[in-house]
Amino acid sequence: LGAKPPTAVPVSGDLARFQGTYEGRGRGAPQQVAIEVKDGRVEVVRGAQRRPLVHVGNNVFVNGATKFVFAEQGGKIVSLRVDGGAGNNVLRPRP
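I will try to describe carefully the structure that is included in this document. (Residues numbered from 1 in each chain as written. Predicted model: local features only at pLDDT ≥ 70, side-chain atom pairs only at ≥ 80, totals over all residues. Heavy atoms only, no water.)

Turning our attention to the pattern of salt bridges. Going through the model one piece at a time under the given rule, you end up with six salt bridges. Glu23 is paired through a salt bridge with Arg94; the nearest N and O atoms lie 3.5 Å apart. Of this pair, Glu23 sits in strand E1 (residues 20–26) while Arg94 sits in the segment after strand E9 (88–93); the two residues are 71 residues apart in sequence, bridging distant segments of the chain. In this structure Glu23 comes out as partly exposed when scored by relative accessible area, which is 31%. Owing to a relative accessible area of 44%, Arg94 belongs among the partly exposed residues under this scheme. (Salt bridge = Lys/Arg side-chain N within 4 Å of Asp/Glu carboxyl O. Helix = DSSP H or I, 4+ residues; strand = E, 2+ residues; numbered from the N terminus. Buried < 20%, exposed > 50% of the residue type's maximum accessible area, 1.4 Å probe, protein only.)

What follows is about the environment of Pro52. Relative to the helices and strands, Pro52 resides in strand E4 (residues 49–52). Sequence spacing of Pro52 and Asn63 is eleven residues, and the spatial spacing of their C-alpha atoms is 6.9 Å. With residues up to four places along the chain from it excluded, the contact list for Pro52 reads Arg41, Val42, Glu43, Val62 and Asn63. (Contact = heavy atoms within 4.5 Å.)

Structure representation (structure tokens):
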């Protein structure tokens, strides 16, 4: 019963390209998401809370029902779309 856990797919390339702070507007207010790479895995960090992200392919990661979709151009991440069901926000890497 319940949803099947996502199947992890290996990430091609350097995980470090996903790491950074992404900013933008979310539900009418400023939103900031920090992505870190620790011990060979990608994590979303909010305050003291760290949540591992599972790579499901094509620069898409999931944690629970939330998708983290990274857009890449020329080997560089140019945006992060956070799709949490109630919100679908596009964030840009902080310079």
